[in-house]
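Structure at a glance
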Amino acid sequence: MHRIERLVAAVAEEVVGGTVVSFRGHEIDLRAPWRRVRFVDALEELELWTRDADELRAWLEERGVDAKADKDWPQLVDHAFSHYVEPKLIQPTIVHDYPIELSPFARTTDDDPSLTERFEYFAGGMELGNAFTEINDAEEQAARFDQQSEHVEGERSDPDYVEALSYGMPPTGGLGLGIDRLTMLLTGRESIRDVQLFPTLRPPEA
């Protein structure tokens, strides 16, 4: 978390000469440190945290959200987060400790085995990237695949990956950064089409 907030701020300094950018009508300050909030707390603030799928579906529908396409709890909680939390994350925010159901390859936290050492970071109401401590225990990863098989969009079993882990992997962490979305923020472009080349969507040259 410390590394990514410093990295983004440093890039902003180099590109625009400061850490404040204008995006979708907002002045956003990318300067570190960023706000940090647990996934559970972000939903609890909106009275939308529960591990009961029927209860969560009822809460969403009471608020006028169409949840018919959400078949199980992971889809429902992801829908609740993306609909109510993510659009409000205008200033840089790190959301951490994601539920295990949404994080098939992330190590569980020491304090709560239902949560994982994973974080995503947001600005301008959109996700910029994802990071987590990776599972390096073969038996634990196999068990996680079994758990995921119960979910509609869960990760399916990968015996070759589990076997590879059984030969050993050191403690490992991964971090991804969406360069396209960061470019949108730094240049004030509201559409990803303005920062990536989509030849089939551009008019032919005269």
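Read on for an overview of the structure. (Residues numbered from 1 in each chain as written. Predicted model: local features only at pLDDT ≥ 70, side-chain atom pairs only at ≥ 80, totals over all residues. Heavy atoms only, no water.)

Some words on the sheet that holds strand 3 (residues 35-38)
Taken in spatial order, the five strands make up an open sheet running 3-4-5-6-7, and their pairing is mixed. The open sheet has two edge strands, strand 3 and strand 7 (173-177), and neither has a second partner. In this sheet, adjacent strand axes meet at a mean angle of 20° when their direction is disregarded. The sheet contact formed by strand 6 (residues 126-133) and strand 7 spans five bridges and is antiparallel. Bridge pairing in strand 7 links alanine 131 to leucine 175. Those strands touched by helix 1 (residues 2-16) are strand 3, strand 4 (93-96), strand 5 (118-123) and strand 7, and its axis lies near 25° from that of strand 7. (Pairing = 2+ DSSP bridges. Helix = DSSP H or I, 4+ residues; strand = E, 2+ residues; numbered from the N terminus. Axes fitted to C-alpha atoms, helices over the stretch in contact; angles between N-to-C directions. Contact = heavy atoms within 4.5 Å.)

Describing the side chain of glutamine 75
Within the fold, glutamine 75 resides in helix 4 (residues 73-85). In this structure glutamine 75 comes out as buried when scored by relative accessible area, which is 12%. At 3.3 Å, the side chain of glutamine 75 forms a polar contact with the side chain of glutamate 153. In this structure glutamine 75 touches Ala69, Asp70, Val152 and Glu153, once residues within four positions along its chain are discounted. (Buried < 20%, exposed > 50% of the residue type's maximum accessible area, 1.4 Å probe, protein only. Polar contact = N/O pair within 3.5 Å; in protein donor to acceptor, adjacent residues only side chain to side chain.)

Here we look at the packing of aromatic side chains
Under the defined criterion, the tally for this structure stands at ten aromatic pairs. Ring centres of phenylalanine 39 and tryptophan 49 lie 6.5 Å apart, and the angle between their planes is 85°; on these two criteria the pair is classed as edge-to-face. Taken as a pair, phenylalanine 39 in helix 2 (residues 39-44) and tryptophan 49 in the loop between helix 2 and helix 3 (53-62) lie far apart in primary sequence, ten residues in all. Pair check on accessibility: phenylalanine 39 and tryptophan 49 agree, each one buried. Ring geometry for phenylalanine 39 against phenylalanine 81: centres 4.9 Å apart, planes inclined by 15°, an arrangement best described as stacked. Here phenylalanine 81 lies in helix 4 and phenylalanine 39 lies in helix 2, a separation of 42 residues in the sequence. (Phe/Tyr/Trp six-rings, centres within 6.5 Å; stacked < 30°, edge-to-face > 60°.)

Side note on helix 3
The residue sitting at the N-terminus of helix 3 and contributing the capping side-chain oxygen is aspartate 52; that oxygen lies 3.0 Å from the backbone nitrogen of aspartate 54. A positive backbone phi angle near 85° is found at glycine 64, which sits one or two residues after helix 3.

Concerning the layout of surface pockets
Roughly 320 Å³ of volume is contained in the largest pocket. Pro74, Asp78, Glu101, Leu102 and Glu153 are the residues nearest the centre of the largest pocket, which is lined by 21 residues in total. Those elements that place two or more of their residues in the lining of the largest pocket are helix 4 and strand 5. Broken down by element, the lining of the largest pocket gets its largest block of residues, five residues, from helix 4. Considered class by class, the residues forming the lining of the largest pocket number eight nonpolar, five polar and eight charged. (1 Å grid on protein atoms, 1.4 Å probe; cavity = no way out; pocket = protein on both sides within 12 Å on 5 of 7 lines; lining within 4 Å. Points joined across faces, edges and corners; volume = space filled by probe spheres on them. Nonpolar A, V, L, I, M, F, W, Y, C, P; charged D, E, K, R; others polar.)

Concerning the pattern of salt bridges
With the rule as written, the count across this model stands at ten salt bridges. In this structure, the salt-bridge partner of arginine 118 is glutamate 120, at a minimum N-O distance of 2.9 Å. Using a relative accessible area of 12% as the deciding quantity, one classes arginine 118 as buried. Residue glutamate 120 is classed as buried on the basis of its relative accessible area, which comes to 9%. We note a salt bridge from glutamate 140 to arginine 144, for which the minimum N-O separation is 3.5 Å. Placement of both glutamate 140 and arginine 144 in helix 5 (residues 138-148) is noted, with a separation of four residues, approximately one turn of the helix. Sharing partners across several salt bridges, the network here consists of Arg38, Asp41 and Asp97. (Salt bridge = Lys/Arg side-chain N within 4 Å of Asp/Glu carboxyl O.)

Digging into the packing of helix 3 against helix 4
Pairs of packed helices are described in terms of their axes, by the angle between the two and the distance that separates them. As a packed pair, helix 3 and helix 4 sit with axes 9 Å apart at the nearest point and diverge in direction by 30°. The handedness of the crossing between helix 3 and helix 4 comes out as left-handed. On helix 4, the residues that touch Ala53, Leu56, Arg57 and Leu60 of helix 3 are Trp73, Leu76, Val77, Ala80 and Tyr84. Across the contact of helix 3 with helix 4, the residue classes break down as eight nonpolar, no polar and one charged. (Left-handed = near helix turned anticlockwise from the far one by under 90°.)

These figures capture arrangement, not role.
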